[in-house]
Amino acid sequence: MPITTEFEYVKPKDMDEALHVFSLYREKARALAGGTDLIVHLKENLARPEVVVDVKALEELAGLDLKGGVLHIGARVTFSELIASAVIKGKFPVLWEASLTVASTGVRNRATLAGNICSAVPSADSAPALALYDAEVLTLSVKGARRIPIADWFTGPKKTALLPEEIVTAVELKLPGKKHGGCYMKLARYDGEDLAQGGIAALAFPDNTYRVAFCALGPKPSRCPAVEAVLNGAKLGEKLLVKAGEALLAEISPISDIRSSKEYRLHMAQVMLGRCLETAVARLFGKGPKYGNGNIC
Amino acid sequence: MKPHLIQFTLNGEKVSLTVEPSDVLLDVLRGRLGIKSPKVGCDRGDCGTCTVLMDGKTVRSCLALAVEAHGADIVTLEGANSRKWTQKLQKKFHEKNAFQCGFCAPGVILSATELLEKDPNPTAHEIKEAIAGNLCRCTGYEPIVEAIEETVKGK
């Protein structure tokens, strides 16, 4: 399918030049990194930019490193790079597990984490993990830099707090100060390249505290403070999971669409919450399936 | 739209041509450079029939602008004979009847090539994961997975 929108293509090597283009063209400029969403949108006329700015030559957007308990992921880092990273696998296993469920190898070789959260579809696989690890989104424009907590980043389906003149330069995650087990449980039709019909991510800590987040079960991915309040301080058990499931129902608002009905998602969200927490706790104690296994419902 | 002169390596040979910013890599490969192994399937990144190797990694050529190929090393199945595993895979696919209509085969073989270059001893799960983005509507995948497994074992 040809792209019918006419646009200019630029590939700045210099950040100032890139920011200048965005300040000049604003909504009419679109950043191109992996292109796995943008090119589809161009083909379907959902995006009609006047200029496409290829950001892959900007050195400021490279880099994947953990310093002082903060993991810095540059905006041009792909999901394949995340999966290949020993630091991600070892220290941020839920992000690693979630990255493995994003589309397929041929897409992950180009698609970036930053692009995933800029597309901001409610089913973004990376979003629950980012919520668990208290991520911040770093942006830059001619007016200056901003740090936006992930809780404020998603503002609605396909909508973010990014301003028209800004670009995302990196995403930063905080290393939990203590040992943890985690899980990203994804509801998909098969263990292949499916979009999430629902997703629940959780961290479990040795002091019986927990973090829980979801995607595809509401207009935007989010942490679940009410579920965490029910869980915190208690050992996981059948009764507690029922209570946590009830709390979850108050925090999610799934829709019916081509992939699932609202009722199915509401039911499965509770099932997934239980499986996700049980897996996270098992992994905390070195048991349960290895990360990347047993996490598709 | 300002056209761009792009230069890249295609199957070991330097090519140079002028493209529009909106030209898609897959369409340029097929329509202007005569490279027909990458197929137009879903044309939106789901089916994997347009798979090519870009700088050694499989990418969806339907989801790349041609202008992005500037400076890259692009290998399609036509030029993949130089890769260690490709011909072995092709022979084994042929032997095992691992494709019927053949539409998915170039993409599957390139995905398997990338996998074996990274890890010459994959598990069956890793093989399935590596080709999860290549849809086949004929075989049911079993002979494909077997062909890849047997290529590794050198049977």
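What you are looking at is a predicted structure, and each value in this text was computed from that prediction instead of being measured. Per chain, residue numbering runs from 1 following the sequence as it is written. For naming, the first written chain is A and the first written ligand is 1, with later ones following in the order written. Per-residue local features of the predicted model are confined to residues with pLDDT of at least 70, and side-chain atom pairs are confined, for both listing and counting, to 80 or more; whole-chain, interface and lining totals are unaffected and use all residues.

Notes on the overall build of chain B
The secondary structure listing takes helices from DSSP runs of H or I that are at least 4 residues long and strands from runs of E that are at least 2 residues long, numbered from the N terminus. Counting secondary structure elements, chain B contains 5 helices and 5 strands. When the helices and strands of chain B are listed from N to C terminus, the series reads β-β-α-β-β-β-α-α-α-α. C-alpha atoms define the radius of gyration, and 2.2 Å times the number of residues to the power 0.38 defines the globule rule. Its C-alpha atoms give chain B a radius of gyration of 16 Å, within 12% of the compact-globule value 15 Å for 155 residues. Here the C-alpha coordinates of chain B stretch approximately 50 × 30 × 25 Å along the principal axes. Exposure classification rests on a simple neighbour count of other C-beta atoms within 10 Å of a residue's own: a residue reaching 20 or more is buried, one at 12 or fewer is exposed, and one in between is partly exposed. C-beta atoms are placed from the backbone. The 155 residues of chain B split such that 50% are buried. In chain B, the proportion of contacts linking residues at least 24 apart, taken out of those at least 6 apart, comes to 58%. By the convention adopted here, residues make contact when the C-beta atoms placed from their backbones lie within 7 Å.

Digging into the domain arrangement of chain A
Interfaces are often described in size by the accessible area the parts lose on coming together. Residue and element names in this part refer to chain A. Start and end positions for the domains come from either an automated domain assignment or a database one. Examined at the domain level, chain A breaks down into domain 1 (8-54), domain 2 (59-174) and domain 3 (181-284). On a C-alpha basis, the centres of domain 2 and domain 3 stand 21 Å from each other. With 20 residues of domain 2 in contact, the opposing surface of domain 3 contributes 22 residues. Elements with a minimum of two residues in the side of domain 2 that touches domain 3: α5 (93-100), α8 (126-132) and β8 (154-156). The biggest single contributor to the side of domain 2 that touches domain 3 is α8, with 5 residues.

Focus: the interface of chain B and chain A
Contacts between the two partners involve 25 residues from chain B, matched on the other side by 24 residues from chain A. A per-element tally of the side of chain B that touches chain A places strand β4 (residues 57-60) of chain B first, with 4 residues.

A word on the sheet that holds strand β13 (residues 210-215) of chain A
Strand pairing in a sheet relies on backbone hydrogen bonds, with the paired strands running either antiparallel or parallel. Residues and elements named next belong to chain A. Paired strands, in this sense, are two strands between which DSSP finds at least two bridges. Within the open sheet, the 4 strands sit side by side as β11-β12-β13-β14. Their pairing is antiparallel. Of all strands in the sheet, those with a lone pairing partner are β11 (181-187) and β14 (222-223), marking the two edges. Note: β13 against β14, 2 bridges, orientation antiparallel. For A213, the partnering residue across the bridge sits in β14 and is R223. This element, α5, spans β11 and β12 (198-204) of the sheet and lies at about 20° to β11. For helices, the axis comes from a line fit to the C-alpha atoms of the stretch in contact; other axes are also lines fit to C-alpha atoms, and the angle between any two N-to-C directions lies between 0 and 180 degrees. Helix-sheet contacts for helix α12 (residues 262-284) involve β11, β12 and β13, and the interaxial angle to β12 is about 30°.

A closer look at the sheet that holds strand β1 (residues 8-10) of chain A
Residues and elements named next belong to chain A. Strand order in the open sheet formed by 3 strands is β1-β3-β2, with parallel pairing between adjacent strands. Two strands close off the open sheet at either side, each with one partner strand: β1 and β2 (29-32). Across this sheet, the average inter-strand angle for adjacent strands is 25°, counted without regard to direction. Relative to strand β3 (residues 51-54), β2 runs parallel, the two sharing 4 bridges. Among the inter-strand pairings, A31 is bridged to a residue of β3, identified as V53. In the packing of helix α1 (residues 15-25) onto the sheet, the strands contacted are β1, β2 and β3, and the crossing angle to β3 comes to about 155°.

Notes on the environment of L135 of chain B
Residues and elements named next belong to chain B. Locating L135 in the fold gives a position in the loop between α4 (124-130) and α5 (142-153). L135 sits 39 residues away from K96 along the chain, and the two C-alpha atoms are 18 Å apart. With near-sequence residues (within four places) excluded, L135 lies in contact with C47, G48 and C104.

Describing α1 of chain A
All names here are of chain A. Along α1, the residues classified as buried are A18, L19 and F22. Projected onto a plane normal to the axis of α1, the buried residues spread over an arc of 95° and lie on a single side. Next to the buried residues of α1 lie β2, β3, β6 (136-141) and β10 (167-174). R26 sits one or two positions beyond α1 and adopts a positive phi of about 45°. This arc corresponds to the set of directions leading from the helix axis out to the C-beta atoms.

Considering the domain arrangement of chain B
Residue and element names in this part refer to chain B. The domains assigned to chain B are domain 1 (4-79) and domain 2 (83-153). Counting from both sides, the interface comprises 12 residues of domain 1 and, opposite them, 11 residues of domain 2. Examining the composition of the side of domain 1 that touches domain 2, we find that 3 residues originate from one element, strand β3 (residues 51-54), more than from any other. Under this grouping Gly is polar, as are all residues other than the nonpolar Ala, Val, Leu, Ile, Met, Phe, Trp, Tyr, Cys and Pro and the charged Asp, Glu, Lys and Arg. Considered class by class, the residues forming the side of domain 1 that touches domain 2 number 5 nonpolar, 5 polar and 2 charged.

A few points about the environment of E246 of chain A
Residue and element names in this part refer to chain A. Its place among the elements puts E246 in helix α11 (residues 238-251). When the 13 C-beta atoms within 10 Å are taken as the criterion, E246 is described as partly exposed. Taking C-alpha positions, E246 is 7.9 Å from Q270, a pair spaced 24 residues apart along the chain.

What to know about the nonpolar core
Residue and element names in this part refer to chain A. Residues enter a nonpolar core if they are buried, belong to Ala, Val, Leu, Ile, Met, Phe, Trp, Tyr or Cys, and are joined to the set through C-beta atoms within 7 Å. With 141 residues, the main nonpolar core has I117, A201 and A202 as its most contacted residues. Per-element tally for this core: the top contributor is α12, with 8 residues. Setting aside residues no more than four positions away along its own chain, A201 makes contact with V94, A98, P128, A129, L132, C183, Y184, A213 and C276.

Some details on the packing of α11 of chain A against α12 of chain A
Axis angle and axis distance: for two packed helices, these are the angle between their axes and the distance between the axes, and together they describe the pair. Residue and element names in this part refer to chain A. Two elements in contact, α11 and α12, have axes whose closest approach is 9 Å; the angle formed by their N-to-C orientations is 135°. When the axis of α11 is compared with that of α12, the two are oblique. Note that α11 runs across α12; the crossing there is right-handed. For the pair α11 and α12, the contacting residues are L241, A244, G245, L248 and L249 in the first and L266, A269, Q270, L273, G274 and L277 in the second. Angle categories are assigned with fixed cut-offs, so that under 35 degrees is roughly parallel, over 145 is roughly antiparallel, 65 to 115 is roughly perpendicular, and the rest are oblique. By definition, any crossing whose near helix is turned counterclockwise from its far helix by less than a right angle is left-handed, and any crossing with a clockwise turn is right-handed.

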